[in-house]
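What follows is the residue order along each chain.
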Amino acid sequence: MAVYNYDVVVLGSGPAGEGAAMNAAKHGRKVAVVEEREMVGGNCTHLGTIPSKALRYSVKQIIQFNTNPMFRKIGDPRWFSFPDVLRSAEKVMNKQVASRTSYYARNRVDVFFGKGSFADERTIELVSPSGGLEKLIAREVIIATGSRPYRPADVNFSHPRIYDSDTILKLNHTPRTLIIYGAGVIGCEYASIFCGLGVKVDLIDTRDRLLSFLDDEISDALSYHLRNNSVLIRHNEEYEKIEGTDKSGVVLHLKSGKKLKADALLWCNGRTGNTDGLGLENIGLQANGRGQLVVDENYRTEMPNIYAVGDVIGWPSLASAAFDQGRSAAGNIVSNDAWRFVDDVPTGIYTIPEISSLGKTERELTEAQVPYEIGQAFFKNIARAQISGEPVGLLKILFHRETLEVLGIHCFGDQAAEIVHIGQAVMTQKDAANSIQYFVNTTFNYPTMAEAYRIAALDGLNRLF
């Protein structure tokens, strides 16, 4: 049995693990990464962010072709199967794996493929794919094993028509009807994808409104556009049982007494941290009921030499935040200024149209009795949106009516996840530098979507008296 010694061992090669490994290596630490798959990238690359966003982009292109009158000179509207669209996503996944593999080689980070678990607080036992056993001894260990879809025991996921957000990527046909149970971010994104392929979708929401953490106006806009694309949304519903019917379909029984039938069901209700099988009992750590670990502001667990980052610690469960959390944990280990507690993260939701937001919502500001004002810019009035044929959407800026401090940015529409970063750059400035005046005192390229900030700022300032 081979034994290797390292300064830092990282469990998992998703965004959190990669961020941790790269930051530690660049500061002179000897680093190893343990990855259970046969390729690096983690769930983000293989099951989550990358494939779902690549799918969305392909579907968006199909929608544009089928709805733009200019393309009728080329041919009639065309409909693509889900497997056809998935193949385009697989190309992106392969490119991501190649890029990320090169990062580890370039930074002299050793990558071990296999299942790693704790023998004690400084020893990782690694079972390779061939069954061999190796030991990695480290001063510090960073747990970045990610998460997987939550699977309740009373749902038969072995049925060929019942999927979760991982197994849906193995769907080998295009269902005519689909039930999506769970209307969180993942459920709403897949509702957009499948309705864009012409699938009749029932979206089951266990709450009274979609994505209630969003600004109410943005949530309402998402609801409208999903319904406008023939998604049937059912709020305040919970399942009683899910019944597979002779491998040809699924019947969903709701506690309200309703029954729904579809060709397939996609379960999108919650996620579980990948902590089982890590041998946490050997080091005195215990995950909560959702498999998540508790950490302090330095991403340190109750064991002083063991850190945890990414989805395995819960909120915000975003690839963007996970990468920064990994960098921060490693920065804390090497004792430099390359770390921070990641608590101010923009929301990026890749529905069609997409959504992004940062800062306070109107509801939060009203409850806190903050005197705020609103500036809006509607995409339909912006030249770039008219040129690109993407007129649906708006940018909303919330700002303090006395200090002019930008308090929240909320965007709905094409490229929202890109547009929000302009506002983010201003919001993160200190004191008077965070001001809505920046947007009227700065010249933006024309025509661009960035122009929306100038229009929204002028709109808001004109409301002051």
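No experiment lies behind these values; they were computed from the predicted model shown.

A. Broad picture of the overall build of the protein. For the protein, the count of helices and strands is twelve helices and 22 strands. The C-alpha radius of gyration computed for the protein amounts to 24 Å, which stays within 12% of the reference 23 Å derived for 465 residues, consistent with globular compactness. In terms of its C-alpha atoms, the protein occupies a principal-axis envelope of roughly 70 × 65 × 45 Å. Put simply, the protein has 465 residues, and 53% of those count as buried. Within the protein, contacts between residues at least 6 apart in sequence are counted, and of these 63% link residues at least 24 apart.

B. Broad picture of the packing of aromatic side chains. Within this structure, the stated rule accounts for twelve aromatic pairs. Here the aromatic rings of Tyr 239 and Trp 267 are separated by 5.3 Å at their centres, their planes lie at 85°, and the arrangement is edge-to-face. Residue Tyr 239 is found in strand β12 (residues 239-245), and its partner Trp 267 is found in strand β15 (residues 264-267); the two are separated by 28 residues along the sequence. With a relative accessible area of 1%, Trp 267 lands in the buried category. Joined through ring pairs, the aromatic side chains of Phe 157, Tyr 181, Tyr 239 and Trp 267 make up one cluster. Sitting above the plane of the Phe 378 ring, Lys 380 keeps its charged end 5.9 Å from the centroid. Stacked on the ring of Phe 465, the Lys or Arg Arg 401 has its end atom at 5.0 Å from the ring centre.

C. Up close: the packing of helix α3 (residues 49-67) against helix α4 (residues 82-106). It is at 8 Å that the axes of α3 and α4 come closest, and there the two elements cross at 130°. In terms of axis orientation, α3 runs oblique to α4. As for the relative orientation of α3 and α4, their crossing is right-handed in sense. Taking contact as the criterion, the partners of Ile 50, Pro 51, Ala 54, Leu 55, Ser 58, Val 59 and Ile 62 in α3 are, on α4, Phe 82, Val 85, Leu 86, Ser 88, Ala 89, Val 92, Met 93 and Gln 96.

D. Focus on the nonpolar core. Membership of the largest hydrophobic core comes to 48 residues, with the highest contact counts inside it found for Val 9, Val 10, Leu 11, Phe 118, Ile 142 and Ile 143. A total of six residues in this core trace back to one element, the largest contributor, which is helix α1 (residues 15-26). The contacts of Val 10, once residues within four sequence positions are left out, are Gly 17, Ala 20, Ala 21, Val 31, Ala 32, Val 33, Val 34, Ile 142 and Ala 144. Among the nonpolar cores identified, the runner-up in size contains 42 residues, and Ala 89, Ala 183, Val 201 and Leu 211 belong to it.

E. Representation of the environment of Tyr 150 within the structure. For Tyr 150, the position within the fold is in the loop between β7 (147-149) and β8 (162-164). On the basis of relative accessibility, which here comes to 29%, the residue Tyr 150 falls in the partly exposed class. Note: C-alpha distance between Tyr 150 and Ile 168 (18 residues apart in sequence) is 14 Å.

F. Representation of the domain arrangement of the protein within the structure. When its domains are assigned, the protein resolves into domain 1 (2-149 + 272-334), domain 2 (162-269) and domain 3 (353-462). Distance between the C-alpha centres of domain 2 and domain 3: 31 Å. Counting residues at the interface gives ten residues for domain 2, matched by 14 residues for domain 3. Contact between domain 2 and domain 3 buries roughly 980 Å² in total, counting both sides, with carbon and sulfur atoms accounting for 61%. Counting every contact that joins domain 2 to domain 3 gives three salt bridges. Residues Asp 215 and Lys 396 are paired through a salt bridge, measuring 2.6 Å at the closest nitrogen-oxygen approach. In this structure, the connection of domain 2 to domain 3 is made through seven residue pairs in polar contact (both at pLDDT 80 or more). Tallied by class, the residues present in the side of domain 2 that touches domain 3 amount to five nonpolar, two polar and three charged.

G. Structural view of the pattern of salt bridges. Going through the model one piece at a time under the given rule, you end up with 23 salt bridges. Linking Asp 202 and Arg 234 is a salt bridge whose minimum nitrogen-to-oxygen distance equals 3.1 Å. With Asp 202 in strand β10 (residues 200-204) and Arg 234 in strand β11 (residues 231-234), the pair connects residues that are 32 residues apart, well separated along the chain. On the accessibility criterion, Asp 202 (12% relative accessible area) is buried. Among the charged side chains, a salt-bridge network with shared partners connects Asp 215, Glu 217, Glu 362 and Lys 396.

H. A look at the sheet that holds strand β13 (residues 249-254). Strand order in this open sheet of three strands is β12-β13-β14, and the pairing throughout is antiparallel. Taken across any chain shown, the strands that pair with only one partner, and hence form the sheet edges, are β12 and β14 (259-262). Strand-to-strand, the axes of this sheet are offset by a mean angle of 15°, without reference to chain direction. Relative to β13, β12 is paired through six bridges, and the arrangement is antiparallel. Residue Tyr 239 lies in a different strand from β13, and its bridge partner there is Leu 254.

I. View of the environment of Tyr 239. Of the residues examined, Tyr 239 reaches a relative accessible area of 15% and is grouped as buried. For the pair Tyr 239 and Pro 160, spaced 79 residues apart in the sequence, the C-alpha separation amounts to 19 Å. Within polar-contact distance, the side chain of Tyr 239 engages the side chain of Asp 154 at 2.7 Å.

J. Local environment of the side chain of Asp 7. Here Asp 7 shows up in strand β1 (residues 2-11). The buried category is assigned to Asp 7, whose relative accessible area is 16%. Residues in contact with Asp 7, not counting those within four places in the same chain, are Gly 28, Arg 29, Lys 30, Ala 138, Arg 139 and Glu 140.

K. Local environment of unusual backbone geometry. Omega for the peptide link from Trp 315 to Pro 316 comes to 0°, which places this bond in the cis form. Checked against the element boundaries, Pro 316 lands in the loop between β17 (306-308) and α7 (319-334). The phi dihedral of Ser 230 falls on the positive side, at around 75°, and the residue is not glycine. Topologically, Ser 230 is positioned in the loop between α6 (216-228) and β11. Ser 230 sits in the exposed class, given a relative accessible area of 56%.

Rules used in this analysis
Sequence order as written defines residue numbering, which begins from 1 separately in each chain. Selection of residues for local features in this predicted model requires a pLDDT of at least 70, selection of side-chain atom pairs for listing and counting requires 80 or more, and totals for whole chains, interfaces and linings are taken over all residues. Here the side-chain values reflect all heavy atoms present in the structure, with hydrogen atoms and water set aside. Secondary structure follows DSSP: runs of H or I at least 4 residues long count as helices, runs of E at least 2 residues long count as strands, and numbering of each begins at the N terminus. Here the radius of gyration uses the C-alpha set of atoms, whereas the globule reference equals 2.2 Å times the residue count to the power 0.38. Think of it in three bands: residues with accessible area under 20% of the maximum for their type are buried, residues over 50% are exposed, and the middle band is partly exposed, with areas taken using a 1.4 Å probe on protein chains only. Only heavy atoms enter the contact rule, under which two residues are in contact if any of them lie within 4.5 Å. Only centres within 6.5 Å qualify two rings of Phe, Tyr or Trp (six-membered ring in Trp) as a pair; their planes then separate them into stacked at under 30 degrees, edge-to-face at over 60, and tilted for everything else. Charge over a ring is defined by NZ of Lys or CZ of Arg lying within 6 Å of the ring centre and within 35 degrees of the ring normal. Helix axes are fitted to C-alpha atoms over the stretch in contact, other axes to C-alpha atoms as well, and angles between N-to-C directions run from 0 to 180 degrees. Relative orientations are named as follows: roughly parallel for angles under 35 degrees, roughly antiparallel for angles over 145 degrees, roughly perpendicular for angles from 65 to 115 degrees, and oblique for any other angle. Crossings are assigned a handedness: left-handed for a near helix turned anticlockwise from the far helix by less than a right angle, right-handed for a clockwise turn. In this text, buried Ala, Val, Leu, Ile, Met, Phe, Trp, Tyr and Cys residues form a nonpolar core when linked through side-chain atoms within 4.5 Å. An automatic or database domain assignment provides the domain bounds reported here. Buried surface area refers to the total accessible area, computed with a probe of radius 1.4 Å, that the two partners give up upon joining, counted for both partners together. Any Lys or Arg side-chain nitrogen located within 4 Å of an Asp or Glu carboxyl oxygen qualifies as a salt bridge. Pairs of N or O atoms within 3.5 Å make up the polar contacts considered here, provided that, within protein, one atom can donate a hydrogen while the other can accept it, and that residues adjacent in sequence are counted only when both atoms are side-chain atoms. Following the grouping adopted for this structure description, the nonpolar residues are Ala, Val, Leu, Ile, Met, Phe, Trp, Tyr, Cys and Pro, the charged ones are Asp, Glu, Lys and Arg, and the polar ones are all others, Gly among them. Paired strands are those between which DSSP finds at least two bridges.

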